[in-house]
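Letter by letter, the chains look like this.
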Amino acid sequence: MSGDASDVSAISSSKGGIKYAGADVDAMRVVAKAYQDRSLQGFQATLQSYSRQLSDDPIVHSHLSALYDTLLEQNLVRLIEPFSRVEIAHIASLINLPVGSVEGKLSQMILDKKFAGILDQGVGTLEVFEDAAPDVIYPSALASFDSLNRILASLSLKVY
């Protein structure tokens, strides 16, 4: 969950991890391998292969859902990075997922400000914007007005 998949093999191979060896630890090792490979299909195949170990426990299932979302976001950001405008169907075909789920995740990522862009659902495209540089003049102007207001207030003058 920390993003370092190599920790799983190190922990499971340690003296303390060997006593817990079994299907549960093997499932975690395969999940870590799929995450390290950035493979959504491998991740989903692992969830199906080890469904008893991974999906039956609600806590493990919720953590794996969050991990899958993180992996999906990383893959989508990596795919859309070279484009300024791209068809959603093209992204979905590259990542081998349905267009609806890719469109929904991209929409969520835009709302969460993971990247700047808009979805043009009429045309079926994603327009990605460059990150705007922060405006340094606006905060400075506010600070100047605040200082001016304090000076005028000390002189008992009011500015409206």
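Participant: Would you take a moment to explain the overall build of the protein for this structure?
Facilitator: Within the protein one finds nine helices and three strands. Counting from the amino terminus, the protein carries its helices and strands in the arrangement α-α-α-α-α-α-β-α-α-β-β-α. For the protein, the residues scored as buried account for 26% of the 160 residues in total.

Participant: It is not clear to me how the nonpolar core should be interpreted in this structure. Could you clarify?
Facilitator: A general trend in soluble globular proteins is that nonpolar side chains are found buried together. One finds Phe43, Leu76, Ile91, Ile95, Val102, Phe115 and Leu126 to be the most contacted residues of the largest nonpolar core, which totals 28 residues. Contributions of two or more residues to this core are made by helix 3 (23-36), helix 4 (40-49), helix 6 (58-80), helix 7 (88-95), helix 8 (99-111) and strand 3 (125-128). At eight residues, the largest contribution of residues to this core is made by helix 6. The residues touching phenylalanine 115, leaving out its near neighbours within four places in the chain, are Ile80, Leu106, Met109, Ile110, Leu126 and Val128.

Participant: Is there a simple way to explain the pairing of strand 3 in this structure?
Facilitator: Remark: a regular strand shows side chains that alternate across the two faces of the sheet. As paired elements, strand 1 (residues 85-87) and strand 3 share three bridges and run antiparallel to each other. Bridged to valine 86 within strand 3 is leucine 126. When strand 2 (residues 117-120) meets strand 3, the two strands line up antiparallel, connected through four bridges. Across the sheet, residue isoleucine 118 finds its bridge partner in strand 3, namely glutamate 127. Between strand 2 and strand 3, which pair antiparallel one after the other, the connecting turn spans four residues, and glycine 124 there sits at a positive phi close to 85 degrees.

Participant: Whenever I open this one, the side chain of asparagine 75 confuses me. Can you help?
Facilitator: Positionally, asparagine 75 belongs in helix 6. Separated by 2.8 Å, the side chains of asparagine 75 and arginine 78 make a polar contact.

Participant: Even after reading the chapter, I still don't get unusual backbone geometry, so can you show me in this structure?
Facilitator: Excluding glycine, a negative phi dihedral is what most residues carry, and trans is how most peptide bonds are arranged. One non-glycine residue with positive phi stands out, namely asparagine 96, at about 60 degrees. Along the polypeptide, asparagine 96 turns up in the loop between helix 7 and helix 8. Given a relative accessible area of 55%, asparagine 96 falls into the exposed group. Unusually for a residue other than glycine, lysine 113 sits at a positive phi of about 60 degrees. Along the chain, lysine 113 falls in the loop between helix 8 and strand 2.

Analysis parameters
Residues numbered from 1 in each chain as written. Predicted model: local features only at pLDDT ≥ 70, side-chain atom pairs only at ≥ 80, totals over all residues. Heavy atoms only, no water. Helix = DSSP H or I, 4+ residues; strand = E, 2+ residues; numbered from the N terminus. Buried < 20%, exposed > 50% of the residue type's maximum accessible area, 1.4 Å probe, protein only. Core = buried A, V, L, I, M, F, W, Y, C linked by side-chain atoms within 4.5 Å. Contact = heavy atoms within 4.5 Å. Pairing = 2+ DSSP bridges. Polar contact = N/O pair within 3.5 Å; in protein donor to acceptor, adjacent residues only side chain to side chain.

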